[in-house]
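This is what each chain is made of:
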Amino acid sequence: MSGPFVSLVMRDLRLASRSGGSAALALAFFALVATLVPLGVGANLNLLARIAGGVLWVGAVLAALLSLDRLYQGDFDDGSLDLIALSPLSLEQVALAKLLAHWFSTGLPLTLLSPLLALLFGLPGPGTWALFVSLLIGTPAVSAVGAIGASLTLSLKRGGLILPLIILPLLAPAVIFGAGAVTAALDHLSNGALGLLSAFAAAAVLLSPFAAAACVRLNLAG
Amino acid sequence: MFRYANPAVFMRLSGVLLPWVSGAAAILLAVGLWSSFHVPPDYQQGMTVTIMFVHVPAAIVAEAAYGAIAVASLFSLVWRHPLADTAARAAAPLGAVFTALGLVTGSLWGRPMWGAYWVWDARLTSFLLLLFLYLGYMALWNAIEDEARAARAAAILALVGAVNLPIIKFSVDWWNTLHQGESIVSGQIASVFLLPLGLMAFGYMLLFAALWMVRIRTEIVNRRARSLMQRAG
């Protein structure tokens, strides 16, 4: 399994880094959202530190959404998804490989960038640490739920418009627990948010390949 | 269950049931509304408590409708039940309207009680998310042109949503709670309120059932008309 699985992950990573550099675009989008918010709500650092967790979490989810249409739609349009389906990998393994590649190319870089943006928001040390850890745990769930949406809409010409409508309500728990962990760290409380976020992420990553594979199967059947 | 999967059997059965169900819904809603206006004022909420009789049943039906969609989707995915797709699709706009009705009546109730039309309370928020789930589900149905493909994709989405819905509910509860707790099953509600609430709840459910049947029948007739037109060339 490792041979084709790893090469599929590497292929998707190469596509993400080369074709228009969509991984870098997601990062730029994330940074821009974080820049626009202080322009909207004012430069009061106390206020910004308070809302940093929520703003950066919402920004990360939106940034991850941007690159989701690339996950399956490109491969479907140029026919490479048919070839991938013929490979020795099961479609569930394909879905897991694509999920991993999406996380490596968006979730992980977003997480690594987050402490820098937290600095701009005046988030204190424990809050920054909580944000970093919660994004590290939570962004796989974003990729996982997003992968379901991407596979549902892979044959649509304008799937990008309908995708957020499908995905965002399902991601509410991730945003609540993720931002909740940051707020708890600011107030020196422990409210179990990280544990709940881990549970959500584990369930999402575990179930998503099956749902995504079912969607790919039905779209290739026709 | 599978005997009714045949559209012809369903048409015959629902044709017999429909007048009875709609009639019962009309009577229950009329009696329920009448008795809603004749309850004594609540000791805390005054006469605004009457809003409960249109609000709580809408919320119950809104959630039940999503459950119905999820069950129909399961039937469609696992057993390729031919009517299940039609049933799931037909229930979605109804569920969305009942969700919106629950949100609107809830917000009108919230204004005198909480002093604001909208508060970011757990149940209000999870209902808002439920509305978006309905909208996304309907949008997916409409976006995919091939009907069989749309049906299966929508069924997968409905099941994913059904798995996620309890988690959303839990997370939002964990996040914030202002809404009053459940009081019907636990018996904390005053018994004078229970009768109109029960009447209205059954009335709403039968109304939903009647509308649902009408929508499924319309779709079946539509399909027949389309195939006749195709045959005629």
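Only a predicted model underlies this, so the values are computations on that prediction, with no experimental measurement involved.

A.B. asks: Where do I start with the packing of helix α3 (residues 82-114) of chain B against helix α6 (residues 191-232) of chain B in this structure?
C.D. replies: Any two packed helices are characterised by the angle at which their axes cross and by the distance between the axes. Residues and elements named next belong to chain B. Closest axis-to-axis distance for the α3/α6 pair is 9 Å, and the angle between their directions is 135 degrees. Looking at the two axes, α3 sits oblique to α6. Seen along the crossing, α3 lies across α6 with a hand that is right-handed. Across the interface between the two elements, L83, T86, A87, R89, A90, A91, P93, L94, G95, F98 and L101 from α3 touch Y204, L207, F208, L211, W212, R215, I216, E219, I220 and R223 from α6. For the contact of α3 with α6, a count of residues per class yields 15 nonpolar, 2 polar and 4 charged.

A.B. asks: Please clarify how helix α2 (residues 22-41) of chain A should be interpreted in this entry.
C.D. replies: For an α-helix, the turn length of 3.6 residues means that residues three or four places apart are oriented alike. Residue and element names in this part refer to chain A. Look at α2: 29 Å from first C-alpha to last across 20 residues, which is about the 28 Å you get at 1.5 Å a residue. For α2, every residue scored as buried is listed here: S22, A23, A26, F30, A34 and V37. Each buried residue of α2 sits inside an arc of 135 degrees when the element is viewed along its axis, so together they form one side. When the buried face of α2 is taken as reference, the exposed residues oriented beyond 90 degrees from it are L25, L32, L36 and L39. The first or second residue beyond α2 is G42, which carries a positive phi of 100 degrees.

A.B. asks: Even after reading the chapter, I still don't get the pattern of salt bridges, so can you show me in this structure?
C.D. replies: A side chain of one charge can pair with a side chain of the opposite charge if their charged atoms are brought near each other. All names here are of chain A. Counted according to the given criterion, the structure contains 10 salt bridges over all chains. Linking D12 and K98 is a salt bridge whose minimum nitrogen-to-oxygen distance equals 2.9 Å. Here D12 is found in helix α1 (residues 2-18), whereas its partner K98 is found in helix α6 (residues 91-120), with 86 residues between them in sequence. The residues D12 and K98 share a single accessibility class, namely buried. If you follow the salt bridges from partner to partner, you end up with R11, D12, D75 and K98 in one network.

Cut-offs applied
- Residues numbered from 1 in each chain as written.
- Chains lettered and ligands numbered in written order.
- Predicted model: local features only at pLDDT ≥ 70, side-chain atom pairs only at ≥ 80, totals over all residues.
- Heavy atoms only, no water.
- Axes fitted to C-alpha atoms, helices over the stretch in contact; angles between N-to-C directions.
- Helix = DSSP H or I, 4+ residues; strand = E, 2+ residues; numbered from the N terminus.
- Parallel < 35°, antiparallel > 145°, perpendicular 65-115°, else oblique.
- Left-handed = near helix turned anticlockwise from the far one by under 90°.
- Contact = heavy atoms within 4.5 Å.
- Nonpolar A, V, L, I, M, F, W, Y, C, P; charged D, E, K, R; others polar.
- Expected span 1.5 Å × (residues − 1).
- Buried < 20%, exposed > 50% of the residue type's maximum accessible area, 1.4 Å probe, protein only.
- Arc of directions from axis to C-beta.
- Salt bridge = Lys/Arg side-chain N within 4 Å of Asp/Glu carboxyl O.

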